Every structure is written in C-alpha cells, then in structure tokens.
Amino acid sequence: MPLDAMSDISDEALLVLFANGDRRAARALTLRLTPRVLNHAHRLLGNAAEAEDVAQEAMLRLWKIAPDWRQGEALVTTWLYRVVANLCTDRLRRVRPVTLEAAAEPVDQSAGPVARLQGAERTNALQRALARLPDRQRQAIVLRHIDELGNPQIAEIMGIGVEAVESLLARGKRALSADLIDRREELGFEDDERS
Amino acid sequence: MTKDHDDIRTLDDVFRAARDAPMEPSPELLARVLADAEAVGAALRPVRNEAGPPRADRLRDVFRALGGWPAMTGLAAATVAGIWIGLSPPAGLQAGLSAPDAAYIVDLAPGAVVDPAWEAL
C-alpha cells in the first residue's frame, strides 16, 4: 500500500498495522504525529532542542505500546498529548536556566519581511507569556488555542472535568491578556488596525 | 470597540500567528523517530514469527470459537445422548431401523422412450 493511501487510515489502525510489522505504517505515523508532538512540546517547554527530545521519547513510547494498544479506549493523539505533558512536566520540574531567547523561533516563511518580523515577534511574545503561566493553565491554553482541540478531549488529556478545563482557560486567557495587551503597539497590532 | 473586544482580538491574533508558524520537525528528528520505530518493530517481529501463540492460547481460541461454556454444555449433552442411544437404542427406533423396508420405484413418465443419439448412427 503506498504511503499516500494511508492518509485515510486512522491513527489507531496504523498503530495496529505497525504492531503487525508494517513499516509503512510507522512512516505514516511518524510524518503525521511527530509535528504535532513536537509543536506541543515546544509550546510547553519554550525550548526547541528539549522539545525534539520530548517528541522522540513520546514517539518511542508509542512504538512500544503498539502491541498492547487497547483499541477503542482512547484516541492515539489523546494518549500522546498526555505522554508529552508528563515528559514536559518532568523536565520543567528540573532546575534549568531559562533559555527562551536561545531557542530557535518558528518563522512564517510565507509572509513578507515586515509581517514576518511581526509574526515572529508575536510568537516570541506569546512564548514568553506562556512560560510565565502556571503549568496547568499553559497546557490548557496550548491544547485549546494552538492545537485547537475541543474541551472534552482536553479534559481527557488532563484528567479533569470539562468545567475545570473552562476555568483553566478563562484564568489563562486573563493572565495572557494582561501580559500581552500592554505590548500591543510594540507587537504591531496598532498597524493591523490602521491597515 | 471596547477594551474587552480589543483584548480578545489581540489574543486571537497572537494565537493565529503561533498556529501559522509551526515548528517543522528536522529531517534528523524524523530519522531518529523512524529508527526507533524500526528497532522496536524488529524486536516485535521474531516473537510473532517464530514462537506463535502458545498451545494453551490456541486451545483457548478454539474454546472461544465454539461459543464458550454455554455451547460446551450443549455439546456435552448431545455427546452423552448419542452414546446412550448407540449403546441401548429405544425400542421404537430399533424397530424403525431394522424392519425390511420395501423400496418403491415410481415411473414419472411412463410413455417416454429413451432414444440415445448414438443408436441412430
């Protein structure tokens, strides 16, 4: 089966195929899930190199769980987000210097130079503001507004109720607003409104 | 526009900027992930190919395929009944089986004549 034909196959079915020895399933899952895992870890940690380590470790755990995967119990992505969150929490608990400025920041290559600068600056500002949030608020905000998951799935990932998710999101957004609004002009939002 | 609306718009713009600029996984990272998959997959394959399921597992599979305990009780009852009938058949059954039954041949087309084609040659 060509790789393109696997785009319609669910994550779970691919995982079963991998457990049965299908190498193409491993490749399809790698290309599909590694970017999501990597970006989620990057938003939680604020460090690209550490995010890569977490992404690799999370995917390794996925390969290892494949033979014992219990179908129909949880989405593969839900399980992966949970693993990434645990790995990131472990790393954040360790004492480490803040290296946000040293991290390679993503840049939107499709935008023009000015827009690209503003886009990158906005992303940096968000990353710095996220780093100042409590862990659980940061996780909820990233899952909802960056990964665009629904509140029920976020609740399942975080092991809490939907109302608790809504509360975390509300408090997180208030804290982010307070952090970002004062820098609105610096981030180029005034220019957006005039244009 | 109210301050709240401005705040929401600013946040939404920041989130959109972050979504529009995802961090792309490097080829090296993808290669490492695939290498891990290959190593784990290779460790899985010999177990599945060489050993196969243990005998107890195969018997359990047959047991499940037949329908489990409810089906087994029915099968056991049918087996005992079959042996019992074989050893000491009931009188009515014995008479029915041993009587010299007449065989009847019924000609459904009395006027029909068999005329094989090769006889005309």
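These figures come from a predicted structure and were not determined experimentally.

Basis of the calculations
Residues numbered from 1 in each chain as written. Chains lettered and ligands numbered in written order. Predicted model: local features only at pLDDT ≥ 70, side-chain atom pairs only at ≥ 80, totals over all residues. Helix = DSSP H or I, 4+ residues; strand = E, 2+ residues; numbered from the N terminus. Buried ≥ 20, exposed ≤ 12 C-beta atoms within 10 Å, placed from the backbone. Contact = placed C-beta atoms within 7 Å. Nonpolar A, V, L, I, M, F, W, Y, C, P; charged D, E, K, R; others polar. Core = buried A, V, L, I, M, F, W, Y, C linked by C-beta atoms within 7 Å. pLDDT = per-residue confidence, 0-100.

1. Topic: the overall build of chain A
What chain A contains, in helices and strands, is nine helices and zero strands. Order of helices (α) and strands (β) in chain A, N terminus to C terminus: α-α-α-α-α-α-α-α-α. Looking at the 195 residues of chain A, the share that counts as buried comes to 37%. When contacts within chain A are restricted to residue pairs at least 6 apart in sequence, those whose partners lie at least 24 apart make up 61%.

2. Here we look at the interface of chain A and chain B
On the side of chain B, 26 residues touch chain A, which itself brings 38 residues to the contact. The biggest single contributor to the side of chain A that touches chain B is helix 2 (residues 23-45) of chain A, with nine residues. For the side of chain A that touches chain B, the residue count by class is 20 nonpolar, 10 polar and eight charged.

3. Remarks on the environment of L80(A)
Residue and element names in this part refer to chain A. Structurally, the position occupied by L80 is in helix 4 (residues 76-93). Given 22 C-beta atoms within 10 Å, L80 falls into the buried group. Sequence spacing of L80 and R36 is 44 residues, and the spatial spacing of their C-alpha atoms is 9.5 Å. Discounting residues that sit within four places of it in the chain, L80 has contacts with L33, V37, A58 and L62.

4. A closer look at the nonpolar core
All names here are of chain A. Counting 61 residues, the largest nonpolar core has A41, A58, L80 and V84 as the members making the most contacts within it. Looking at which element gives the most residues to this core, the answer is helix 2, with 10 residues. Those residues within four positions of A58 in sequence are excluded, and the remaining contacts are V37, L80, V83, V84 and L87.

5. Quick notes on the confidence of the model for chain B
For any part of a model where pLDDT is low, the fine detail of the predicted coordinates should not be relied upon. Residues and elements named next belong to chain B. Mean pLDDT for chain B: 74, with 64% of residues reaching 70 or above. Taking the mean pLDDT of every element in chain B, the minimum, 63, falls on helix 5 (residues 91-98) and the maximum, 83, on helix 2 (residues 27-51). Across the whole predicted complex the pTM is 0.64, and at the interface the ipTM reaches 0.78.

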